[in-house]
Amino acid sequence: MTSEKTTKKYTKKKYNDLGLGVKETSGVYRTLNKDGTFNVRKTNVPFLERINFFHSLVSMPWPRFLGLILVGYFIINTLFASIYMLIGVEHLTGMKKVDAPMEQFMEAFFFSAQTITTLGYGRVAPVGLMANIIAATESMLGLLTFALATGMLYGRFSKPKATVKYSEHGVIAPYRDINGFMFRVVNVKENQLLEVEVKVSLSLRRESSDLRDFFSLDLERSKVVFLPSVWTVVHPISTKSPLYNLTPEDLEDKDAEFIVTLKAFDESFSQTVYSRTSYKPAEIKWGQKFVYLVTFENDKIAIDVERLDETYDIALNE
């Protein structure tokens with residue numbers, strides 16, 4: 001049973017500066033996805049105002065980005081090859097003497113590929129004013145397009161990103177003389193993160209209401225200077241905690257969500273990077289504790305990242 005006295009005492013510290021709002025529609029929902037993206041969809045926004053090419057190109061997955069570049073390259077060459085076919089292949093000198101339209105199109109396509117890359121092997125060349133205007137236009141388009149693609153590649157490579165990995169589950173287990181909510185985080189890359197700071201917020205739905213309360217959870221340690229190893233972030237569930245006396249069923253009924261934000265200084269980029277994730281009640285293991293990951297091999301500290309989420313059963317303190 002939840003302690004009403006404790007809840008009232010703690011609600012004085014609640015806050016709502018996450019920009020997530022306090023009112024929900026209905027039912028169970030998730031504000032922040034596991035990968036750190038917000039589970040928010042905006043409607044009735046004009047198409048032109050929604051367009052953000054730079055953000056889309058630098059944030060989409062690499063396979064999709066490379067696929068988009070290849071598809072765009074193919075479409076542009078197909079378009080100009082069709083234009084050369086339309087004005088007549090006789091305006092392209094040096095082409096093979098072929099009568100099949102498909103073979104003529106392929107010759108025009110590869111001439112277009114040479115023109116747009118400003119490569120030009122010299123065998124095929126435009127003849128006449130119209131063909132030269134089209135070739136010059138395509139050459140200029142190629143310079144601009146490849147400059148843009150190069151800029152996007154640089155932007156993707158130079159974009160700072162916190163490549164930390166969180167445990168898939170959080171746990172509520174004994175901590176000192178009480179219990180604690182815990183999760184783990186590790187930096188999987190070789191770059192060094194400095195001044196790493198973590199904040200954990202708890203979102204709870206109010207009793208018989210569509211409104212939500214947000215609580216800033218006190219942590220055993222909210223900041224570390226370095227993160228070369230694994231860090232177990234702990235929120236002690238004391239009498240001052242909004243989790244005090246709550247059961248798994250209470251968290252489900254209140255549609256709880258633990259929102260985690262991490263900030264660090266990346267030594268490689270010399271910039272501050274951010275990372276986010278969240279935990280829902282179904283992702284909280286009660287009465288389990290994380291296994292110890294740190295071992296020593298050849299005078300070095302070894303961490304088995306694959307076991308980051310591994311736990312073992314224990315009896316919770318009453």
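The residue count restarts for each chain, going from 1 along the sequence in the order it is written. Per-residue local features are limited, in this predicted model, to residues with pLDDT of at least 70; the limit for side-chain atom pairs, both in listing and counting, is 80 or more; totals at the level of whole chains, interfaces and linings are taken over all residues. For side-chain calculations, the full set of non-hydrogen atoms in the structure is used, while hydrogens and water are omitted.

Peer 1: Sorry if this is basic, but what is going on with the overall build of the chain here?
Peer 2: Strands are runs of DSSP state E lasting at least two residues, helices are runs of H or I lasting at least four, and both sets are numbered from the N terminus onward. A count of helices and strands for the chain gives seven helices and 16 strands. Remark: exposure states derive from per-residue accessible area (1.4 Å probe, protein chains only) relative to the maximum for the residue type, with buried under 20%, exposed over 50%, and partly exposed in between. Within the chain, the fraction of its 318 residues that count as buried is 38%. Split by element, the accessible area of the chain, about 19,500 Å² in all, is 58% carbon and sulfur. Every accessible area reported is derived by Shrake-Rupley at a probe size of 1.4 Å, with residue values counting cover from the shown protein chains alone.

Peer 1: Please explain helix 6 (residues 129-158) as it appears in this structure.
Peer 2: Each α-helix winds once per 3.6 residues, and so residues spaced three or four apart point in a common direction. Take the residue count of a helix, subtract one, and multiply by 1.5 Å to get its expected span. In this model, helix 6 (30 residues) spans 43 Å end to end at C-alpha, consistent with the 44 Å of a helix rising 1.5 Å per residue. Contact criterion: two residues are considered in contact whenever any of their non-hydrogen atoms come within 4.5 Å of each other. On its buried side, helix 6 packs onto helix 3 (53-59), helix 4 (62-87), helix 5 (101-116) and strand 2 (125-126).

Peer 1: Help me out: how do you make sense of a nonpolar patch on the surface in this one?
Peer 2: Taken together, the side chains of Phe 47, Leu 48, Ile 51 and Phe 53 present a nonpolar region at the surface, about 480 Å² in accessible area. Among the secondary structure elements, Leu 48 is positioned in helix 2 (residues 47-50). For Leu 48, a relative accessible area of 70% translates into the label exposed. Note on patches: the residues involved have over 30% relative accessible area and no salt bridge, like charges join within 9 Å, and the nonpolar side chains Val, Leu, Ile, Met, Phe, Trp and Tyr join within 5 Å. Any Lys or Arg side-chain nitrogen found within 4 Å of a carboxyl oxygen on Asp or Glu counts as a salt bridge.

Peer 1: Would you take a moment to explain the pairing of strand 11 (residues 271-279) for this structure?
Peer 2: Within a regular beta strand, the side chains point alternately toward one face of the sheet and then the other, so they alternate between its two faces. Strands are labelled as partners when DSSP assigns at least two bridges between them. Of the strand pairs in this sheet, strand 10 (residues 257-266) and strand 11 are connected by nine bridges, and their pairing is antiparallel. Within strand 11, the residue paired with Asp 266 across the bridge is Gln 271. Hairpin geometry of strand 10 and strand 11 is characterised by an intervening segment of four residues between the two adjacent antiparallel strands and by a positive phi of about 55 degrees at Ser 270.

Peer 1: Mind showing me how you'd approach the confidence of the model for the chain here?
Peer 2: Low-confidence regions, as indicated by low pLDDT, have predicted coordinates that should not be scrutinised in detail. The pLDDT value tells you how sure the predictor is about a given residue, anywhere from 0 up to 100. Across the chain, the average pLDDT comes to 86, with 90% of residues at 70 or higher. In this model, residues 1-13 is a region of pLDDT below 50 whose contacts with residues beyond four sequence positions or in other chains number 19 contacts.

Peer 1: What is the right way to read the side chain of Glu 138 from this model?
Peer 2: Tracing the backbone through its elements, the reader meets Glu 138 in helix 6. Comment: no salt bridge for buried Glu 138; closest opposite-charge side chain is Arg 123, at 14 Å. In terms of polar contacts, Glu 138 uses its side chain to reach the side chain of Ser 112, at 2.2 Å. Residues in contact with Glu 138, not counting those within four places in the same chain, are Asn 77, Phe 80, Tyr 84, Ser 112, Thr 115 and Ile 116. Residues scored as positive are Lys and Arg, those scored as negative are Asp and Glu, and His as well as the terminal groups of each chain are ignored. As used in this structure description, the phrase polar contact means that two N or O atoms lie within 3.5 Å; if the pair is within protein, one of them must be able to donate a hydrogen and the other to accept it, and residues adjacent in sequence are counted only when both atoms belong to side chains.

Peer 1: I would appreciate a short explanation of the pairing of strand 15 (residues 300-303) in the present structure.
Peer 2: When strand 14 (residues 294-297) meets strand 15, the two strands line up antiparallel, connected through four bridges. By the bridge assignment for strand 15, Val 294 is matched with Ile 303. Once strand 14 ends, the chain turns through two residues before running back antiparallel as strand 15, passing Asn 298 with a positive phi of about 55 degrees.

Peer 1: Please explain the environment of Tyr 121 as it appears in this structure.
Peer 2: Secondary-structure assignment places Tyr 121 in the loop between helix 5 and strand 2. In this structure Tyr 121 comes out as exposed when scored by relative accessible area, which is 64%. For the pair Tyr 121 and Phe 111, spaced ten residues apart in the sequence, the C-alpha separation amounts to 8.9 Å.

Peer 1: Would you explain the layout of surface pockets in this entry?
Peer 2: Gaps between atoms show up when a probe of the same size as a water molecule is rolled over them. Whether a set of points on the 1 Å grid over the protein atoms alone is a cavity depends on a 1.4 Å probe fitting there but being unable to get out, while an open set qualifies as a pocket with protein on both sides within 12 Å along at least five of seven lines; lining residues are those with an atom within 4 Å of a point. Grid points are joined across faces, edges and corners, and a volume is the space filled by probe spheres set on the points. By volume, the largest pocket amounts to about 1,100 Å³. As for the largest pocket, its lining consists of 32 residues, of which Asp 35, Lys 159, Lys 161, Ala 162 and Tyr 274 are closest to the centre. Elements with a contribution of two residues or more to the lining of the largest pocket: helix 3, helix 6, strand 3 (164-166) and strand 11. With five residues, strand 11 is the largest single contributor of residues to the lining of the largest pocket.

Peer 1: How do you make sense of the packing of helix 5 against helix 6 when you look at a structure like this?
Peer 2: Each pair of packed helices can be described by the angle between their axes along with the distance between the axes. Inter-axis angles, ranging from 0 to 180 degrees, are taken between N-to-C directions of lines fitted to C-alpha atoms, where helices are fitted over the stretch in contact. Where helix 5 meets helix 6, the axes come as close as 8 Å, and the angle between the chain directions of the two elements is 55 degrees. It follows that helix 5 is oblique to helix 6 by the angle criterion. Across the interface between the two elements, Ser 112, Thr 115 and Ile 116 of helix 5 pack against Ala 135, Glu 138, Ser 139, Gly 142, Leu 143 and Phe 146 of helix 6. The residue classification treats Ala, Val, Leu, Ile, Met, Phe, Trp, Tyr, Cys and Pro as nonpolar and Asp, Glu, Lys and Arg as charged. All others, Gly included, are polar. Counted by class, the contact of helix 5 with helix 6 contains four nonpolar, four polar and one charged residues. Any angle between 65 and 115 degrees counts as roughly perpendicular, while under 35 counts as roughly parallel, over 145 as roughly antiparallel, and the rest as oblique.

Peer 1: Even after reading the chapter, I still don't get helix 5, so can you show me in this structure?
Peer 2: When the terminal C-alpha atoms of helix 5 are compared, their 22 Å separation across 16 residues agrees well with the 22 Å that a helix rising 1.5 Å per residue should span. Among the residues of helix 5, those classed as buried are Gln 104, Phe 105, Glu 107, Ala 108, Phe 109, Phe 111, Ser 112, Ala 113, Gln 114, Thr 115 and Ile 116. Just past helix 5, the residue Thr 118 takes up positive phi, approximately 55 degrees.

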